Amino acid sequence: MSTPELPSQAETVIVGAGAVGCSVAYHLHELGAEDVVVVDQGPLPVTGGSSVHAPGIMFQTSPSKLQTKAAYYTSRLLSEAGVYDEVGGIELARSEERMDFLERRVEWAESYGLPDPQLLSPEEVTERLPLVDEDEILGGYYSPTDGRVDGIAALQWYIANSGADFFGNTEVTDLDVSGGEINAVETDRGTIDCERCVIATNNWGYQTAQMADLDLPIAPVEHQYVVTEPLEELAGADSNVGENTDGLLVPGDRSIQEYMSEAPHQPVGRDQDNSLYFRTHGDSLGMGSYNHETLSVDPDSMGKNDDRQASVRGFTREHWEEPTHPDREKSAKQAFDELLPVTEGVDYEMTENGIFVFTPDGMPAVGPTAQVDGLWSALAIWWTHSGGYGKIVAEWMENGVPRLPSGPVDTGGVHVRRFEPHAGEKEYFVDKGAKRYQQVYSIVEPRWQPEEHRGLRTSPFYHQQKTLGAEFYQSGGWESAQWYESNADLVDEYDEEIPEQEGWRGINRSAIEGAEHLHTRDAVSMFDMTSFSSIVVEGAGAADFLQRVCSNDVDTAVGKVRYSLLLNEGGGILADVTVVRLDDERFLVTTGGGNSPGIHGGWLEEHAPDTVSVHIEEGARSTVGLWGPKSRLLLQRVTDADVSNDGFPYFTAKRIYVGEVPVIAMRVSYVGELGWELWAPTEYGQRLWKTLWEAGQDLDVRAMGGGALESMRLEKGFRLWGTDIDTDSNPYEAGLGFAVDLDTDFIGREALEAAKESGIDAEITPITLDDSTDILLSGRPVLVDGEPQGYVQAADFGYSVGESIAYTYLPTEYTEAGTDVQVRCEGELYDATVRDEPLFDPGREKIIR
């Protein structure tokens with residue numbers, strides 16, 4: 001049989017024919033895309049990557065809404081294709097802490113729409129999984145739509161139904177990039193000119209990206225899997241061996257792929273207390289383990305995928321039989337022997353160390369790359385989420401809006417551009433990937449902070465903050481103070497207004513956060529905003545350009561400040577920004593620390609005309625938020641500028657001197673108090689802090705951290721991108737219609753006009769707890785008449801209003817103030833009430849004075 005000739009041109013080339021590459025190709029075809037070519041260095045469909053050696057187990061529930069919805073979509077798609085075994089999944093608990101965690105699983109599943117999640121007693125577990133020793137467990141979490149995908153059969157189905165042209169045994173040797181865009185994919189069989197290219201090589205993702213001079217942080221790691229000899233207890237089970245493989249298995253007695261093609265006949269299970277999972281293979285049992293030290297693989301040493309076992313390493317028995325995981329006391333073998341006594345002393349017919357990948361934060365890396373126009377990433381994705389992310393990437397490529405059938409999705413946490421500038425250094429991301437491997441099944445505390453690779457990005461105020469006892473949290477690589485031990489004396493002053501938080505809700509919190517909140521409302525505080533992003537937009541046509549990308553009218557007078565949104569074509573919120581006009585052709589665009597400059601600054605760069613320069617000033621300015629009723633008095637002491645209400649009105653900006661320091665001062669406040677943001681060049685940062693600090697000592701000026709900022713902004717109803725607002729929501733749903741001017745022509749306008757005409761189905765709304773001061777946790781279901789109608793987006797205690805606050809999106813029929821709702825959190829059911837916003841200072845008397 002002759003090998004088909006490789007085309008010399010295609011609109012889209014997908015590199016990698018595994019689960020993700022095939023899914024992207026299939027979904028592009030579903031959207032009407034034509035001229036799509038998929039190439040893989042291995043044979044088809046058994047390419048040799050992780051898609052064909054993975055056991056295919058799919059547990060769908062995650063604390064991430066996007067991960068959960070991507071998994072559910074994948075399970076429905078592959079079930080309809082006939083390549084998914086919906087046997088259910090059971091996660092076991094061997095400790096009280098894990099049972100508490102499984103309760104959270106139920107709450108996340110309820111919030112994100114998974115059907116019928118259940119907590120099981122030990123007896124109910126063993127009814128479904130009779131090999132489990134009932135005395136070893138406290139219970140389990142059951143998701144009836146979990147199961148297992150037949151990887152090879154699924155790849156065959158994708159290939160048969162995608163409409164793309166597939167070419168195996170085709171090694172990509174280079175990516176032709178020039179002029180900032182992808183031009184061609186070079187292979188050992190010829191060159192394919194193209195307009196778009198998708199990197200879907202997963203285990204080889206780092207190497208493929210290097211061909212385009214991109215440092216993507218994709219770290220390969222080994223993990224272990226074994227299949228036992230036939231067990232008498234499973235005798236007679238129908239294995240369906242090779243049912244969908246059509247003779248495509250690797251020659252030999254029994255290949256890895258043949259084992260993986262056997263369908264389970266019992267629920268898939270996992271013992272997260274020991275980093276283990278398991279499933280049946282006919283009358284044998286398959287067992288997987290993360291329960292060993294991280295076996296990282298040099299991403300430059302993956303080698304060529306020229307056989308069908310390229311992602312499988314030799315089994316290292318010592319990692320199976322000895323306890324080498326830093327957080328686990330037992331070895332995989334010991335833990336399995338206790339949980340599944342039938343496995344003790346049995347031989348293994350198949351063993352492997354399979355390879356898959358991790359990013360520094362453990363999430364996928366998808367979307368358009370920053371440096372190369374037309375080059376897309378679809379990496380660090382497992383079978384569990386592959387169908388969903390294939391759909392998301394295809395919609396993004398074709399329509400400009402990442403979405404699933406349920407609606408637009410928030411990609412901030414998975415965008416390939418989210419990584420910090422240092423994340424591409426190999427030693428760093430391999431080490432971070434190793435840590436994420438260790439945490440796959442760990443119970444990660446709220447606001448957990450890593451110990452490694454700290455102090456990489458610090459503001460000029462860092463040493464002053466350390467002197468004040470700052471508790472630093474890491475965000476975007478920046479060290480940001482959450483609270484200051486120097487303010488511990490304030491806790492006694494405000495003791496009666498700061499309720500104690502117990503249990504899981506109180507972990508990694510401090511009463512000092514509440515004290516800093518209350519002090520700022522009473523006096524004056526300084527907040528380090530250096531991690532916030534500033535972007536200079538200048539040049540001929542800068543005003544017209546910003547009008548085109550901003551939802552509000554930003555063609556204002558010099559010195560005016562305007563709050564606006566950046567939207568995608570579907571009207572979803574890409575970012576919220578503050579736009580300051582510095583002169584006729586020069587603007588400063590600022591955005592919060594939660595926004596990745598790589599995502600939003602890169603988006604502005606992409607859309608800017610040749611006459612407009614977009615300069616992302618990440619770390620180039622030191623910024624202090626000066627807030628509180630005494631902030632004007634303090635600022636007036638250190639400047640000759642008029643900072644009175646008449647001389648410096650709210651939402652205006654001036655160039656002033658603070659002492660000797662030149663700053664751009666903006667009269668804006670993210671905490672709902674009188675105040676300013678003071679933006680100065682970084683080299684002046686230490687002097688800026690010192691000048692303000694020394695001048696404010698008799699005013700009791702304090703440093704405040706991010707904890708106080710969060711509770712204060714929720715009292716005022718100020719939004720935080722990536723938490724309350726994102727590409728999931730449009731401005732009307734997010735209560736930001738005031739930042740939309742439909743008389744201007746901007747990206748997303750048509751979608752907003754259509755949304756306004758058809759009506760808004762859901763809106764963001766604040767709720768407060770009726771009888772509790774507990775702080776709720778995000779992702780927990782909000783119920784009306786016992787049925788989930790939303791989930792907690794953000795929550796904190798409102799120390800000034802004396803109530804526990806949460807924000808949620810609810811159907812519009814439930815958003816009227818006074819509506820009774822309930823919230824399920826940590827196994828408790830809280831009564832709550834819908835409220836009007838803002839809860840604090842609705843007349844804005846404190847800001848405008």
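Worth saying up front: this structure is predicted, and the values here are computed from it rather than measured.

Visitor: Could you clarify how one ought to interpret the overall build of the chain in this entry?
Guide: Scanning the chain from terminus to terminus reveals 21 helices and 42 strands. In the chain, which comprises 849 residues, the proportion classed as buried is 63%. A separation of at least 24 residues holds for 72% of the contacts in the chain among residues at least 6 apart in sequence. In the form shown here, the chain has an accessible surface area of approximately 30,500 Å², with 42% of it arising from carbon and sulfur atoms.

Visitor: Any chance you could explain the confidence of the model for the chain here in plain terms?
Guide: When pLDDT is low, close inspection of the predicted coordinates is not appropriate. The predicted model of the chain has a mean per-residue pLDDT of 93, with 96% of residues at 70 or higher. Note on residues 241-253: pLDDT is under 50 here. Beyond four places in sequence and across chains, it has 26 contacts.

Visitor: It is not clear to me how helix α16 (residues 542-549) should be interpreted in this structure. Could you clarify?
Guide: Residue pairs spaced three or four apart in an α-helix point in one direction, given the helix's 3.6 residues per turn. Burial within α16 is extensive, with 6 of its 8 residues counted as buried. The secondary structure elements touched by the buried residues of α16 are β27 (533-539), β28 (561-567), β29 (573-583), β30 (586-591), α17 (597-607) and β31 (612-616).

Visitor: Is there a simple way to think about unusual backbone geometry in this case?
Guide: In terms of backbone geometry, most residues other than glycine have negative phi values and most peptide bonds are trans. In this chain, Leu 44 is followed by Pro 45 through a cis amide linkage whose omega measures -5°. The peptide bond linking Glu 837 to Pro 838 adopts the cis configuration, its omega dihedral lying at 0°. Residue position: Pro 838 is located in the segment after β42 (828-834). One non-glycine residue, Phe 651, adopts positive backbone phi at about 65°. Tracing the backbone shows Phe 651 in the loop between α18 (631-637) and β33 (653-658). Of the residues examined, Phe 651 reaches a relative accessible area of 25% and is grouped as partly exposed. At Asp 785, a residue that is not glycine, the phi angle is positive and equals roughly 55°. Within the element layout of this structure, Asp 785 appears in the loop between β38 (781-784) and β39 (787-798).

Visitor: What is the right way to look at the sheet that holds β30 in this model?
Guide: Within a sheet, adjacent strands bond to each other through the backbone by hydrogen bonds, running parallel or antiparallel. Taking strand neighbours across the sheet as the criterion, the 5 strands line up as β28-β29-β30-β27-β31 in an open arrangement whose pairing is antiparallel. Looking at which strands have only one partner, the edges of the open sheet turn out to be β28 and β31. Each neighbouring strand pair of the sheet contributes to a mean axis angle of 25°, computed without reference to strand direction. When β29 meets β30, the two strands line up antiparallel, connected through 5 bridges. Across the sheet, Thr 578 pairs through a bridge with Thr 590, a residue of β30. Sheet strands in contact with α17 are β27, β28, β29 and β31, and its direction is about 170° off that of β31.

Visitor: Just to check I follow, could you spell out the packing of aromatic side chains for this structure?
Guide: Each aromatic ring pair is characterised by the separation of its centres together with the angle its planes make. Counted by the stated rule, this structure contains 29 aromatic pairs. With a centroid separation of 4.9 Å and 45° between ring planes, the pair formed by Tyr 26 and Trp 157 is classed as tilted. Residue Tyr 26 is found in helix α1 (residues 19-30), and its partner Trp 157 is found in helix α6 (residues 151-161); the two are separated by 131 residues along the sequence. The same class applies to Tyr 26 and to Trp 157, which are both buried. Taking the centre distance of 5.1 Å and the plane angle of 25° together, the rings of Phe 356 and Trp 382 count as stacked. Linking Phe 356 in strand β19 (residues 348-358) with Trp 382 in the loop between β21 (375-379) and α11 (383-399), this pair joins segments that are 26 residues apart in sequence. Relative accessible area serves as the criterion here: at 27%, Trp 382 is assigned to the partly exposed category. Through a chain of ring-to-ring contacts, the aromatic side chains of Tyr 225, Tyr 277, Tyr 290, Phe 356, Phe 358, Trp 382, Tyr 437 and Tyr 441 assemble into a single cluster. The side chain of Arg 128 reaches across the aromatic face of Tyr 142, ending 4.5 Å from its centre. Between the NZ or CZ atom of Arg 270 and the centre of the ring of Phe 59, over which it lies, the distance is 4.1 Å.

Visitor: For this particular structure, what's the right way to read the pattern of salt bridges?
Guide: Side chains bearing opposite charge may pair, as long as their charged atoms lie close to each other. Inspection of every chain in the model, using the stated rule, returns 44 salt bridges. With a closest N to O distance of 2.8 Å, Lys 391 and Glu 395 form a salt bridge. Here Glu 395 and Lys 391 lie together in helix α11, a separation of 4 residues that amounts to about one turn. For the pair Lys 391 and Glu 395, a shared accessibility class is recorded, and that class is buried.

Visitor: Explain the sheet that holds strand β4 (residues 84-85) here, please?
Guide: Pairing is antiparallel across the open sheet formed by 3 strands, whose spatial order is β3-β8-β4. The open sheet terminates on both sides in strands that have one partner only, identified here as β3 (57-58) and β4. Across 2 bridges, β4 lies against strand β8 (residues 147-149) in antiparallel orientation. Residue Tyr 84 lies in a different strand from β8, and its bridge partner there is Val 149.

Visitor: So what exactly am I meant to see when it comes to the environment of Pro 115 here?
Guide: One can find Pro 115 in the loop between α4 (96-112) and β6 (118-120). Taking the C-alpha atoms as reference points, Pro 115 and Val 537, 422 residues apart in sequence, are found 48 Å from one another. Setting aside its immediate chain neighbours within four residues, Pro 115 contacts Tyr 72, Pro 144 and Thr 145.

Visitor: Mind showing me how you'd approach the nonpolar core here?
Guide: Most often, soluble globular proteins have nonpolar side chains that are buried together. Ile 14, Leu 28, Leu 78, Tyr 158, Trp 383 and Tyr 389 are the most contacted members of the largest nonpolar core, which totals 48 residues. Those elements that provide at least two residues to this core are α1, β2 (36-39), α3 (65-80), α6, β21 and α11. Once residues within four sequence positions are removed from consideration, Tyr 158 is found in contact with Ala 19, Cys 22, Ser 23, Tyr 26, Leu 77, Leu 78, Trp 383 and Gly 387. In this structure, Val 37, Tyr 206, Ala 209 and Ile 218 belong to the second largest nonpolar core, which totals 34 residues.

Visitor: Any chance you could explain the pairing of β29 here in plain terms?
Guide: The two faces of a sheet get side chains in turn, since along a regular strand they alternate between them. Burial analysis of β29 places 10 of its 11 residues in the buried class, the great majority of the element. As paired elements, β28 and β29 share 7 bridges and run antiparallel to each other. Across the sheet, Tyr 563 pairs through a bridge with Thr 578, a residue of β29. Once β28 ends, the chain turns through 5 residues before running back antiparallel as β29, passing Gly 571 with a positive phi of about 85°. Where β29 hands over to β30, the hairpin turn is made up of 2 residues, counted between the paired strands.

Conventions and cut-offs
- Residues numbered from 1 in each chain as written.
- Predicted model: local features only at pLDDT ≥ 70, side-chain atom pairs only at ≥ 80, totals over all residues.
- Heavy atoms only, no water.
- Helix = DSSP H or I, 4+ residues; strand = E, 2+ residues; numbered from the N terminus.
- Buried < 20%, exposed > 50% of the residue type's maximum accessible area, 1.4 Å probe, protein only.
- Contact = heavy atoms within 4.5 Å.
- Areas by Shrake-Rupley, 256 points an atom, 1.4 Å probe, with all protein chains shown as cover.
- pLDDT = per-residue confidence, 0-100.
- Pairing = 2+ DSSP bridges.
- Axes fitted to C-alpha atoms, helices over the stretch in contact; angles between N-to-C directions.
- Phe/Tyr/Trp six-rings, centres within 6.5 Å; stacked < 30°, edge-to-face > 60°.
- Lys NZ or Arg CZ within 6 Å of the ring centre and 35° of its normal.
- Salt bridge = Lys/Arg side-chain N within 4 Å of Asp/Glu carboxyl O.
- Core = buried A, V, L, I, M, F, W, Y, C linked by side-chain atoms within 4.5 Å.

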